Each structure stands twice: as C-alpha cells, then as structure tokens.
Amino acid sequence: MSVLIVGSTALDSIKTPKAENPRLLGGSASHAAVAASFFGPVRLVGVVGKDFPQRYIRLYKRHGIDLRGLQVLPGKTFHWSGEYEANMNHRRTLKTELGVFETFSPTLPPAYQASPFVLLANIAPTLQYHVLEQMQRPKFVAADTMDLWLNVALPDLLKLVERLDAFVLNDSEAEQLTGEDNLLAALKKIHRLGPKYVVIKKGSHGSVLSGPKGLFICPAYPLHKVVDPTGAGDSFVGGMMGYLAASKGPVEAHIRRAMVYGSAVASYCCEGFGLQRTTRTTRAQIDGRVRELERLARF
Ligand code: AMP
C-alpha cells in the first residue's frame with residue numbers, strides 16, 4: 001500500500017567540524033520519502049522553487065517516488081543551514097529561508113486522496129492539517145514535529161495531534177510539550193491529547209513506543225562514526241511508515257518491527273552528508289542491520 005508523505009522539500013547547507021556541504025537535497029519529506037521508498041510506493045507532497053536542481057528530481061525518481069504532488073513554483077526553494085559541534089548531538093540552525101513554502105497551500109492530486117498511510121513529516125502544523133483534511137478515511141496517520149512549532153504554533157499543533165493515530169517527537173520536545181522530564185509521565189500526558197501510539201525519539205539512544213499493548217524500547221543501530229545526523233529522525237519515521245504500509249494486517253502486529261526498520265534506515269542516513277549515503281543503500285543492507293539489531297537486543 002502507498003504511503004503519502006508531506007513535509008519540507010529543501011536545500012540544506014550543512015557544516016560539521018570536518019566539512020562543509022552547500023545545497024544538498026534535504027527537508028523532512030525528502031529524507032522520509034527516500035527512507036520509505038525501500039519498502040513500497042511513496043507519494044510526495046511538497047513545493048520547490050525554480051532553482052531546485054534537476055538532479056534532485058532525478059534522485060526522487062530513481063527511488064520510484066511519485067512526484068505528482070510536488071509543486072514547482074516561481075521563487076526560491078526552502079533553504080536551511082545548520083552547523084554541528086564536535087559533539088554531533090549539538091546543532092545550531094544558522095538560517096531558515098522559507099522561500100516558496102511561505103505561500104504554499106498543498107492541494108492533493110485526486111489520486112493521492114485515498115492513500116491508506118499518511119506521514120505528516122515536520123512542517124508547519126497548519127499545512128499538515130490541511131493535507132489531513134483532504135484525505136479520504138486513511139488507515140493510519142502519523143505526524144512528526146519540531147521545537148519551533150511548539151514555540152510558535154502550539155494551538156495548531158494540538159488541533160492536529162487530536163486526529164493522529166501516532167505522534168512522533170523527540171525527548172526534549174516531549175518534555176517541552178508536557179512539562180514532564182519523566183518519560184512515562186510525558187507519554188501519559190501525550191496520549192491524553194489524542195494519539196493511540198506515541199513514539200519518542202532519543203537520537204543515538206533509540207526510541208520508545210507507547211501503545212495499547214504497552215511499551216517497546218527500540219534500539220538505535222550503533223555506529224563507529226557519524227558523518228551528518230541531519231534527517232535521521234525523518235528517515236526513522238519514513239522507514240517505519242514505509243514498512244508499515246508494506247505489511248499486511250493490523251498495524252499493532254508490525255509497529256515494533258517497523259520501528260527497528262526505521263532505526264536501520266536512520267543509521268545509513270547518519271553515515272553520509274544529507275541523503276548521500278541513504279540513496280546508495282539497498283533493501284538487503286537494511287535487512288542486514290535489522291538482523292544485527294535483533295541479535296544485539298535479544299536476551
Ligand atoms: P532533523 O535532523 O530530523 O531535525 O531534520 C532536518 C531536516 O529538517 C533538514 O533537512 C531541514 O531541511 C528540515 N528543516 C529544518 N527546519 C525546518 C522547518 N522549520 N520546517 C520544516 N523542515 C525543516
């Protein structure tokens with residue numbers, strides 16, 4: 001089954017202590033869409049400007065990503081730049097230039113409206129809501145967010161969260177949202193906002209799922225070297241949703257394994273700048289890392 005993904009489609013300029021890479025293909029939707037594409041068909045919803053390089057369009061196409069929902073408008077593509085410290089867990093945003101996202105209002109192609117799986121990747125919650133409103137009875141809807149929206153658009157975000165099956169956020173965002181530094185207390189409060197499933201991402205320490213059958217602790221794949229973690233969270237949730245959409249039967253039966261697949265794809269994302277390593281990965285390699293994670297976490 002298809003997964004529809006809306007989010008940012010961006011050019012990212014990324015600086016680490018070792019290297020600087022301008023105008024890479026980035027954005028929450030790009031990372032999530034490529035990650036999901038290893039498992040099945042993906043429909044992308046986003047917007048880019050006339051400056052968006054054709055080679056990035058070709059890259060989406062190589063991954064079989066349906067681009068009927070990608071608008072190309074006069075103006076500049078969303079541009080984000082960030083700088084990492086020697087400790088790659090610390091990142092500073094240098095610039096966010098919204099460009100064509102400033103006036104973007106996605107209208108879904110009719111063929112997209114019946115997509116069973118929907119991932120509202122990180123973007124303004126009003127845009128995420130607008131997409132959700134156009135969907136016809138989706139089977140499973142998940143959304144991701146970031147601290148910015150908790151700061152500047154909390155009422156919009158809460159209106160969205162009410163309608164989600166799964167809300168995915170990182171540990172610091174969960175604390176900011178609930179005022180709780182205890183994970184279990186934070187999870188309880190987030191469930192009360194609406195979602196049946198809550199996934200809290202903890203960066204290189206993995207993630208935690210809370211759902212009707214209790215908790216699941218999902219490991220992160222241990223890496224010797226992180227080159228650029230930008231988009232790891234988006235790859236995680238993209239991989240998870242791609243795997244779920246490709247699995248038959250109830251979500252509950254597959255969601256734990258889907259998270260482990262998300263972890264495996266996210267690990268490849270961290271091993272290269274932007275999408276450079278992820279796009280060279282194969283499904284067989286991802287399966288290999290999932291088997292390793294299974295061995296590492298069994299006791
Ligand atoms: P992550 O590393 O998971 O935080 O995701 C990084 C990605 O988020 C980058 O590829 C950026 O282009 C994208 N991004 C950064 N700021 C924003 C924003 N305000 N809205 C949407 N996407 C963003």
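What counts and how
- Residues numbered from 1 in each chain as written.
- Predicted model: local features only at pLDDT ≥ 70, side-chain atom pairs only at ≥ 80, totals over all residues.
- Heavy atoms only, no water.
- Helix = DSSP H or I, 4+ residues; strand = E, 2+ residues; numbered from the N terminus.
- Rg over C-alpha atoms; globule rule 2.2 N^0.38 Å.
- Buried < 20%, exposed > 50% of the residue type's maximum accessible area, 1.4 Å probe, protein only.
- Areas by Shrake-Rupley, 256 points an atom, 1.4 Å probe, with all protein chains shown as cover.
- 1 Å grid on protein atoms, 1.4 Å probe; cavity = no way out; pocket = protein on both sides within 12 Å on 5 of 7 lines; lining within 4 Å.
- Points joined across faces, edges and corners; volume = space filled by probe spheres on them.
- Pairing = 2+ DSSP bridges.
- Axes fitted to C-alpha atoms, helices over the stretch in contact; angles between N-to-C directions.
- Contact = heavy atoms within 4.5 Å.
- Near = heavy atom within 4 Å.
- Polar contact = N/O pair within 3.5 Å; in protein donor to acceptor, adjacent residues only side chain to side chain.
- Nonpolar A, V, L, I, M, F, W, Y, C, P; charged D, E, K, R; others polar.
- Right-handed = clockwise from strand over helix to strand, strands pointing away.
- Expected span 1.5 Å × (residues − 1).
- Arc of directions from axis to C-beta.

**Q** Help me get a handle on the overall build of the protein, residues and values and all.
**A** Along the backbone of the protein there are ten helices and 13 strands. Against the compact-globule benchmark of 19 Å for 299 residues, the protein has a radius of gyration of 18 Å, which places it among compact chains. Overall size of the protein, expressed as C-alpha extent along the three principal axes, is 50 × 45 × 40 Å. In the protein, which comprises 299 residues, the share counted as buried stands at 56%. Of the roughly 13,500 Å² of accessible surface on the protein, a fraction of 52% belongs to carbon and sulfur atoms.

**Q** Quick one: what's the story with the layout of surface pockets, residue by residue and with numbers?
**A** Counted as a void, the second largest pocket has a volume near 170 Å³. As for the second largest pocket, its lining consists of Leu24, Leu25, Arg55, Tyr56, Leu59, Arg62, Phe273, Gly274, Leu275 and Gln276. Counting residues per element, the ones that place at least two in the lining of the second largest pocket are strand E3 (20–26) and helix H2 (54–62). When residues of the lining of the second largest pocket are assigned to their parent elements, the largest contribution, four residues, is made by H2.

**Q** Can you lay out the sheet that holds strand E7 (residues 91–97) for me, pointing to particular residues and giving the numbers?
**A** Taken in spatial order, the four strands line up as E3-E2-E6-E7 in an open sheet, and their pairing is mixed. At either end of the open sheet lies a strand with only one pairing partner, and these are E3 and E7. Each strand of the sheet is rotated relative to its neighbour by a mean of 20°, with strand direction disregarded. Lying on the sheet, H2 is in contact with strand E2 (10–15) and E3; it crosses E3 at an angle near 50°.

**Q** Mind laying out the site of the ligand, listing which residues take part and the relevant values?
**A** For the ligand, the set of nearby residues contains 18 residues, the closest of which are Ser8, Asp12, Gly27, Arg91 and Gly231. Here glycine 27 contributes a backbone N or O atom positioned 2.7 Å from an oxygen atom of the ligand. Separating an oxygen atom of the ligand from a backbone N or O atom of glycine 231 is a distance of 2.7 Å. Where the shell around the ligand is concerned, the elements lending two or more residues are E2, strand E6 (78–84), helix H4 (147–152) and helix H8 (232–246). Taken together, the residues that form the shell around the ligand break down as seven nonpolar, eight polar and three charged.

**Q** So what's going on with unusual backbone geometry? Which residues, and what values?
**A** For arginine 23, which is not glycine, the phi torsion reads 50° and is therefore positive. The backbone phi angle of arginine 137 is positive, close to 40°, even though this residue is not glycine. On the secondary structure map, arginine 137 appears in the loop between helix H3 (125–133) and strand E9 (140–144). With relative accessibility at 80%, the residue arginine 137 sits in the exposed group.

**Q** Tell me about the pairing of strand E5 (residues 66–73), residues and numbers included.
**A** Where strand E4 (residues 42–49) and E5 come together, six bridges link them in parallel fashion. When the bridges of E5 are listed, valine 48 appears paired with valine 72. For the crossover from E4 across H2 to E5, the handedness is right-handed.

**Q** Let's hear about the environment of phenylalanine 117: which residues, and what values?
**A** Along the chain, the position of phenylalanine 117 falls in strand E8 (residues 117–120). On the basis of relative accessible area, phenylalanine 117 is assigned to the buried category, the value being 1%.

**Q** Run through helix H10 (residues 283–297), naming residues and quoting values.
**A** An ideal rise of 1.5 Å per residue puts 21 Å on 15 residues; H10 measures up with 21 Å between its terminal C-alpha atoms. Within H10, the full set of buried residues consists of Ile286, Asp287, Arg289, Val290 and Leu293. Angular distribution of buried residues about the axis of H10 spans 160°; they occupy a single face of the element. Exposed residues on H10 whose side chains face more than 90 degrees from its buried face are Ala284 and Arg295. Its buried side turned inward, H10 meets helix H9 (255–270).

**Q** How would you sum up the environment of aspartate 147? Please name residues and give values.
**A** Structurally, aspartate 147 is set in helix H4. With a relative accessible area of 39%, aspartate 147 lands in the partly exposed category. Along the chain, aspartate 147 and asparagine 21 lie 126 residues apart, while their C-alpha atoms are 25 Å from each other. In contact with aspartate 147, not counting residues within four places along its chain, are Glu173 and Gln176.

**Q** Describe empty space enclosed by the protein, listing the residues and the values that go with them.
**A** What the rule picks out here adds up to one cavity of 30 Å³ or more. The volume enclosed by the largest cavity comes to roughly 40 Å³. Residue lining of the largest cavity: Tyr197, Leu209, Gly211, Pro212, Lys213, Gly214, Glu252, Ile255 and Arg256, and that is the complete set. Mapped onto the lining of the largest cavity, the elements with two or more residues apiece are strand E12 (207–211) and H9. Residue composition of the lining of the largest cavity, grouped by class: four nonpolar, two polar and three charged.

So far we have only geometry, and geometry alone does not tell us how the molecule works.
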